[in-house]
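# Examining the three-dimensional arrangement
Residue strings, one per chain:
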Amino acid sequence: MAKQPEKKRQEDFGTEFEEKVLYINRCSKVVKGGRKFSFSALILVGDGQGHVGYGFAKANEVSDAIRKGSESARKNIFTIEMEGSTIPHEIYVEWDGAKILLKPAPAGTGVIAGSKPRDVLVFCGIKDVVSKNLGSSNPLNQVKAVIKGLLQLKNREKNFAERKGAHA
């Protein structure tokens, strides 16, 4: 059985987290009296030091959806493996219809990515990476795919040490 990624709360880290509203969607339902609107919000939090989290919430008011999403994001924070200012290795991830390719880049390249994956990578603190969206344009699925990919990254030295230990 696969090991679940470790979710932590904001209080577990001694750093200050930034928050960004990535996407707000308005839904309407036609009822007898007219249209009833509801809103969903996708919120991203990160500290730029390898910690990032996202939250998705729905409510009848925009401000309530943002507040709920923010609380959800601060409860689900993940730690990302980094190698300097980039990622340790190339990775291809699929989540629903979203297909994301992440490649390490030399120092000074910057973050080359679409708007939603770029925000996730910047909030992680990754400064040099090339990303390509090969599938869906759904913001929630893109964010989930990027985070899934970042959680699958492994540090080379730790990985080699584990392999040597397994064969000894």
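Structural data are supplied above this passage.
These remarks concern the structure in this document. None of the values given here were measured: they were computed from a predicted structure.

### Digging into the pairing of strand S6 (residues 98-104)
Across five bridges, the pairing between strand S5 (residues 91-95) and S6 is antiparallel. Looking at the pairing, tyrosine 92 lines up with leucine 101 of S6. Here five bridges tie S6 to strand S8 (residues 129-133), and the two strands are oriented antiparallel to one another. Note on S8: the bridge partner recorded for lysine 103 is valine 130.

### Comments concerning the nonpolar core
The biggest cluster of nonpolar side chains holds 28 residues, and the ones touching the most others in it are Tyr54, Val120, Leu121 and Leu150. Taken together, the elements giving at least two residues each to this core come down to strand S2 (34-46), strand S3 (51-59), S5, S6, helix H2 (115-124) and helix H3 (139-152). Looking at this core, the element that brings in the most residues is H3, giving six residues. Residue contacts for tyrosine 54: discarding those within four places in its chain leaves Leu42, Ile43, Leu44, Ser72, Ala73, Asn76, Phe78, Leu140, Val143, Lys144 and Ile147.

### Details of the packing of H2 against H3
Relative orientation of the contacting elements H2 and H3 amounts to 40 degrees, with a least axis distance of 9 Å. Relative to H3, the element H2 lies oblique. Crossing geometry of H2 relative to H3 is assigned as right-handed. Two secondary-structure elements touch here, H2 through Lys116, Pro117, Val120, Leu121 and Cys124 and H3 through Pro139, Gln142, Val143, Val146, Ile147 and Leu150. In terms of residue class, the contact of H2 with H3 is made up of nine nonpolar, one polar and one charged.

### Structural notes on unusual backbone geometry
At aspartate 96, a position not held by glycine, the phi torsion is positive, near 50 degrees. With respect to the helices, strands and loops of the structure, aspartate 96 is situated in the loop between S5 and S6. Look at aspartate 96 and you get exposed, because its relative accessible area is 64%.

### Quick notes on helix H4 (residues 156-167)
Taking 1.5 Å per residue, 12 residues should reach 16 Å; H4 reaches 17 Å between its end C-alpha atoms and fits that length. In terms of residue burial, H4 counts as a barely covered element, since only one of its 12 residues are buried.

### Comments concerning the sheet that holds S5
Reading across the sheet, the four strands line up as S5-S6-S8-S7 and stay open at both edges, with mixed pairing between neighbours. Among the strands making up the open sheet, the edge pair consists of S5 and strand S7 (111-112). Against the sheet, H3 contacts S5, S6 and S8, and its axis sits at roughly 140 degrees relative to S5.

### Digging into the pairing of S2
For strand S1 (residues 18-31) and S2, the ladder comprises 13 bridges, and the chain directions are antiparallel. In the strand pairing of S2, isoleucine 24 is matched with alanine 41. Hairpin connection of S1 to S2: two residues between the antiparallel strands. Pairing between S2 and S3: eight bridges, direction antiparallel. Across the sheet, residue serine 40 finds its bridge partner in S3, namely lysine 58. In textbook terms, the turn of a hairpin is the stretch between consecutive antiparallel strands, and for S2 and S3 this stretch comprises four residues, one of which, glycine 48, has a positive phi near 75 degrees.

Basis of the calculations
Residues numbered from 1 in each chain as written. Predicted model: local features only at pLDDT ≥ 70, side-chain atom pairs only at ≥ 80, totals over all residues. Heavy atoms only, no water. Pairing = 2+ DSSP bridges. Helix = DSSP H or I, 4+ residues; strand = E, 2+ residues; numbered from the N terminus. Core = buried A, V, L, I, M, F, W, Y, C linked by side-chain atoms within 4.5 Å. Buried < 20%, exposed > 50% of the residue type's maximum accessible area, 1.4 Å probe, protein only. Contact = heavy atoms within 4.5 Å. Axes fitted to C-alpha atoms, helices over the stretch in contact; angles between N-to-C directions. Parallel < 35°, antiparallel > 145°, perpendicular 65-115°, else oblique. Left-handed = near helix turned anticlockwise from the far one by under 90°. Nonpolar A, V, L, I, M, F, W, Y, C, P; charged D, E, K, R; others polar. Expected span 1.5 Å × (residues − 1).

Remember, this is a structural readout, not a statement about activity or role.
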